[in-house]
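What follows is the residue order along each chain.
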Amino acid sequence: MTNKKPMSSENPMTSENPMSSGNPMSGDCPAGTRTPARTDPVTEQSVERARAVLAGTGEWPAESARAVWYGLRAAGALPPPDADPAVLVALAREAGYRSTPGPLAETLLVARPLLAAAGLTAPDGPLAVTAGPLDVRFANVDTAGRVGPLGAGGTDDALRVSGTLRRVAWAGAADAVVVLTVGPSTGPVLLLLDAVDLLRVEGTNLAGEPRDDLVLIDVAVPAERVRRIPATLARQAQWRSGLARAALIAGAARRCVDLTIAHTGSRVQFGRPLSHFQAVKQEEARLIEEAALVGAAVEAAAAALADPDSAEFAAWVAAAQACASVAEITRIAHQLHGAIGFTELSRLHLSTTRLWSWRDEDGTEQAWARRIGRRVVEDGSDRLWPLVTGA
């Protein structure tokens, strides 16, 4: 993980790269780049179809987010819930590379696994996921209960919920919203809410992606859509959200590399391409290095998903590295593009504005670093080297 101070999130602002290791899901991968390991021929065909669908989505408006999901389904490219985690991460990276609208990463890497772990059936469509404090009470109060004040218990788990959930990604494009909050018995609960039951106050992030506030006014949640969950599953929601965001950042970082290499190779100044100047070459090398750091961290986290004991820490590292690298990646890409990178004439801003937004969503660099540091201290010096090396 690099030790760089991230650029402020309030900053106002495709051709193949022969020097890059390549995004394993990108249609612009160098020759020989393979789809994620441990995939069978059927899965590889599904991945190829997904590439073809996502390739044309980069400049789609946010309103077309649902079309992406159903386009993947129509092409037979939508992975099942039990798909290889490496394939799910690779699809999220491709969505980041293409600036694809919609909650693809949130659905595949966060919402579906949480619902499966909680014993709930996931809806067929795209899903949004969020967490936050709400006013939660039992819908069917157990008046015969002798423990605690009236309303402390219910005859079942049906709830009535009020409150506001802030800046929920792609809520308007989702069939349902997975919500984690504290239940009336003070323990964590997972709720599956129909999107039609929620009042949306529209908002966006720096890239123009929807980040709506959801207002709940005494919403009835039936018992079959409520699950009391252990604290470990609530923690899983946190690190899965961080990994999903890191995968998106890894894809967008690779896009910045490809666009910058293409620009410096075609832009001629003083009689030769910009890429022939030594200072430009050095900056390109630093850009490729930062993107590779993020990609490697995300790949390691994807490989660790099969092992519950190591998945959490690997996801923290991936999220921290992704957030830390954004400042340098965007700085170099815009510096080498010049002013045109900020304009509608260039696709660079589609990636960089998302990078500036994503690094502060679902956890900041400092928050992930604190978790990593706390784990290292708690495990003691004997565990430090195995933790660093994965041995």
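Below you will find a few notes about this structure. (Residues numbered from 1 in each chain as written. Predicted model: local features only at pLDDT ≥ 70, side-chain atom pairs only at ≥ 80, totals over all residues. Heavy atoms only, no water.)

1. Here's the deal with the overall build of the protein
- Helix and strand counts for the protein stand at 10 helices and 10 strands.
- Looking at the protein as a whole, 52% of its 391 residues are labelled buried.
- Total accessible area on the protein is roughly 17,600 Å²; 54% of this is exposed by carbon and sulfur atoms. (Helix = DSSP H or I, 4+ residues; strand = E, 2+ residues; numbered from the N terminus. Buried < 20%, exposed > 50% of the residue type's maximum accessible area, 1.4 Å probe, protein only. Areas by Shrake-Rupley, 256 points an atom, 1.4 Å probe, with all protein chains shown as cover.)

2. Here's the deal with the side chain of Asn205
- Of note, Asn205 is situated in the loop between β6 (199-201) and β7 (211-221).
- For Asn205, the side chain forms a polar contact with the main-chain nitrogen of Ala207, separated by 3.0 Å.
- For Asn205, the residues in contact, after removing those within four places along its chain, are Arg167, Arg211, Ser357 and Glu361. (Polar contact = N/O pair within 3.5 Å; in protein donor to acceptor, adjacent residues only side chain to side chain. Contact = heavy atoms within 4.5 Å.)

3. What to know about the pairing of strand β2 (residues 135-138)
- Because side chains alternate across β2, one face comprises the buried residues Val136 and Phe138, and the other comprises Asp135 and Arg137, none of which is buried.
- Relative to strand β3 (residues 159-169), β2 runs antiparallel, the two being bridged by four bridges. When the sheet's bridge partners are listed, Val136 is paired in β3 with Val161. (Pairing = 2+ DSSP bridges.)

4. Considerations on the nonpolar core
- Membership of the largest hydrophobic core comes to 81 residues, with the highest contact counts inside it found for Leu72, Leu114, Val178, Leu190 and Val298.
- Setting aside residues no more than four positions away along its own chain, Leu190 makes contact with Leu114, Leu115, Ala118, Leu120, Val178, Val179, Arg225, Val226, Arg227 and Ile229.
- Core analysis: the next-biggest nonpolar cluster, separate from the first, contains 21 residues, Ala171, Val177, Val179 and Leu191 among them. (Core = buried A, V, L, I, M, F, W, Y, C linked by side-chain atoms within 4.5 Å.)

5. Concerning the sheet that holds β3
- Taken in spatial order, the four strands make up an open sheet running β2-β3-β7-β6, and their pairing is antiparallel. Each end of this open sheet is capped by a strand with a single partner; those strands are β2 and β6. Here the strands of the sheet are splayed against their neighbours by 20° on average, with no regard to which way each runs.
- Examined bridge by bridge, β6 and β7 share three bridges and lie antiparallel to one another. (Axes fitted to C-alpha atoms, helices over the stretch in contact; angles between N-to-C directions.)

No statement about biological role is implied by the geometric values presented.
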